[in-house]
Amino acid sequence: MAWLNISANRMRSFLTMLGIVIGVGAIIALMTIVNGATASINEEVSTFGADRISIQIQGTEQKAGMTSEEIADLTEIEGVRGVSPTLQGMVASPVSADDISLSGRSEVYFEQTPDALEKGRGLLQADIEQETPVAVIGAELANQWFPLEDPINKEVTLNGRTFTVVGVLAPSSSFSVTSVNELVMIPYPLAQRVLGVTTINQTDLYMEAGADANGIVDQATVVLRNAFNQNEDVYSVTNFEDALASIDQINSMLSMLLVGIASISLLVGGIGIMNMMLVSVTERTSEIGLRKALGASPGYIQLQFLLESIFLSLLGGLIGIGFGAALAFLASLAMGIGFTLSGTSIVIAAGFSMIIGVIFGFVPARKASRLNPIEALRSA
């Protein structure tokens, strides 16, 4: 009987459910988009090196960075499987007036980042030791410098030195921590000569599987303190495992905030259901009086109207889940992130919609059940 009444007033029922549809759809879409964006960021950070500890050197006037001997001390730390010194600087582009980023790297970076390359090879230990003039360039630079050509084994001139291109870096995504699309990588000893520096201002430590990250950070800090006269303000040590944990925590907080905002729409939808049910009780006064006169109990009348409210909210919730999933899918395609419909978001949305139906349907159902049958029939 509750379902038949809803079916008999399709347009009014749909308009009543619209607030629930929008609220549930907003919860599903927002939580799915946030989860997809967070997963893409986590994947990018993991690819960039979740097992990596990064050391940044700000330096002092007396000492701008680390020496090769101090880099060697880092390689002796227990649990470290590789150390990759990094230099950064700017050089003139060989084909335009703009400057481009130049990075000095070692073979360790390519050994520990197997998906770093799109084509060709990375830097080898022999390139580092012999300061071989070879370069690995970003995907955008490859397209700019060698349009419609294979850049491998082509030559480029940087700061008056000629380098042979031996590899092309894989393109960075929009969620990449650092873009390599317009970057040139060369052996770091050669980069020191090209950039005119003698020290190293960034180093990456790659950890062995199961290694104690905090212990490695502590030992690296000891090396850095000794290198910079116990001055702790001239360097920073970043553990990317901690970064991933922070991202997950931010994701949880953001999801809760978005659910709270979207729940306002559910509240408005619940008020709409209660308003429609109160109007329905008024319109069906004679029906209620007749049912009571024929022996229907107050509990039966209350259950009928409560079921109508629950049906409206649940049906609106189901439509909202489909609407929200479709909206999240389209947004994921536009943003270039993964689409994963969370079971948690579905349970939360469906649960909220049912609770809304019970809470906002109780008052009209209670009112209907307490009508006096004689007065109800007389009002007809």
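The residue count restarts for each chain, going from 1 along the sequence in the order it is written. In keeping with the model being predicted, local features are shown solely for residues with a pLDDT of at least 70 and side-chain atom pairs are shown and tallied solely at 80 or more, while totals for entire chains, interfaces and linings include all residues. Values reported for side chains reflect all heavy atoms of the structure, with hydrogen atoms and water molecules removed beforehand.

> Teacher, can you tell me more about the overall build of the protein chain here?
To qualify as a helix, a DSSP run of H or I must reach at least 4 residues; to qualify as a strand, a run of E must reach at least 2; elements of each kind are numbered from the N terminus. Looking only at helices and strands, one finds 13 helices and 10 strands in the protein chain. A radius of gyration in this sense is built from C-alpha atoms; the matching globule rule multiplies 2.2 Å by the number of residues raised to 0.38. In terms of overall size, the protein chain is more extended than a compact globule, its C-alpha atoms giving a radius of gyration of 33 Å where 380 residues would be expected to give roughly 21 Å. If you line up the protein chain on its principal axes, its C-alpha atoms span 105 × 50 × 35 Å. In the protein chain, buried positions account for 47% of the 380 residues. Whether two residues touch is decided by their heavy atoms; if any such pair falls within 4.5 Å, the residues are in contact. Relative to all contacts within the protein chain whose residues are 6 or more apart in sequence, the contacts with residues 24 or more apart total 78%. With an accessible surface of roughly 18,700 Å², the protein chain has 58% of that area assigned to carbon and sulfur atoms. For the exposure calls, accessible area comes from a 1.4 Å probe over protein chains only, and a residue counts as buried if that area is under 20% of its type's maximum, exposed if over 50%, partly exposed in between. Using the Shrake-Rupley algorithm and a 1.4 Å probe, accessible areas are obtained, with residue cover drawn only from the displayed protein chains.

> When you look at helix 8 (residues 213–227) in this model, what are you seeing that I'm missing?
Since there are 3.6 residues in each turn of an α-helix, residues three or four apart along the chain are aligned in direction. Expected span, for any helix, means 1.5 Å times one less than how many residues it has. In a regular helix each residue adds 1.5 Å, so 15 residues correspond to 21 Å; helix 8 covers 21 Å between its end C-alpha atoms and thus fits that length. Looking only at helix 8, the buried set comprises Ala213, Gly215, Ile216, Val217, Ala220, Thr221, Val223, Leu224 and Ala227. Just beyond helix 8, the residue with positive phi is Asn229, at close to 55°.

> When you look at the environment of Val358 in this model, what are you seeing that I'm missing?
Along the chain, Val358 turns up in helix 12 (residues 343–369). Contact partners of Val358, with chain neighbours within four places excluded, come to Leu306 and Ile310.

> Sorry if this is basic, but what is going on with the packing of helix 3 (residues 68–75) against helix 8 here?
Each packed pair of helices is defined by two parameters, the angle between the axes and the distance between the axes. To get an axis, a line is fitted to the C-alpha atoms, and for a helix only the part in contact is used. The angle between two axes follows their N-to-C directions and goes from 0 to 180 degrees. Helix 8 packs onto helix 3 with a crossing angle of 160° between their chain directions and a minimal axis gap of 10 Å. Taken together, the axis directions place helix 3 and helix 8 in an arrangement best described as roughly antiparallel. Handedness of the crossing formed by helix 3 with helix 8: right-handed. Here Glu70, Asp73 and Leu74 of helix 3 come into contact with helix 8, specifically with Ala220, Val223 and Ala227. Here is the rule for angles: anything less than 35 degrees is roughly parallel, anything more than 145 is roughly antiparallel, 65 through 115 is roughly perpendicular, and the remaining ranges are oblique. Note on convention: near helix rotated counterclockwise from far helix by under a right angle means a left-handed crossing. Clockwise means right-handed.

> Teacher, can you tell me more about the UniProt feature "transmembrane region" (unreviewed entry) in the protein chain here?
UniProt positions are given in the numbering used here, feature names are shortened, and annotations may be inferred rather than shown by experiment. Under the local residue numbering, the UniProt record ascribes the feature "transmembrane region" (unreviewed entry) to residues 12–34, 253–274, 310–331 and 337–363. In residues 310–331, helix accounts for 100% and strand for 0%; the two terminal C-alpha atoms are 31 Å from one another. Between the C-alpha atoms that bound residues 337–363 there is a distance of 44 Å. The span itself is 78% helix and 0% strand.

> Explanation requested: the packing of helix 10 (residues 285–293) against helix 11 (residues 298–335) in the structure shown.
Contact pair helix 10 / helix 11: the axes reach a minimum separation of 10 Å and the direction vectors enclose 140°. You can see that helix 10 and helix 11 cross each other, and the crossing is right-handed. For the pair helix 10 and helix 11, the contacting residues are Glu287, Ile288, Arg291 and Lys292 in the first and Pro298, Ile301, Gln304 and Phe305 in the second. When its residues are assigned to classes, the contact of helix 10 with helix 11 shows 4 nonpolar, 1 polar and 3 charged. Classification convention: Asp, Glu, Lys, Arg as charged; Ala, Val, Leu, Ile, Met, Phe, Trp, Tyr, Cys, Pro as nonpolar; all other residues, Gly among them, as polar.

> Can you help me understand the pattern of salt bridges in this one?
Two side chains carrying opposite charge are able to pair once their charged atoms lie near each other. Think of a salt bridge as a Lys or Arg side-chain nitrogen and an Asp or Glu carboxyl oxygen that are within 4 Å of each other. Evaluated as defined, the whole model comprises 7 salt bridges. Its salt-bridge partner being Glu70, residue Lys63 comes within 2.3 Å of it at the nearest N-O pair. A residue is classified by how much of its surface remains accessible, and Glu70, at 13% relative accessible area, is buried. For the salt bridge of Glu232 with Arg225, the shortest nitrogen-to-oxygen distance reads 2.9 Å. Take Glu232: its relative accessible area is 43%, and that puts it in the partly exposed class. For Arg225, a relative accessible area of 31% translates into the label partly exposed. Within this structure, Arg52, Arg105 and Asp204 form a network of salt bridges that share partners.

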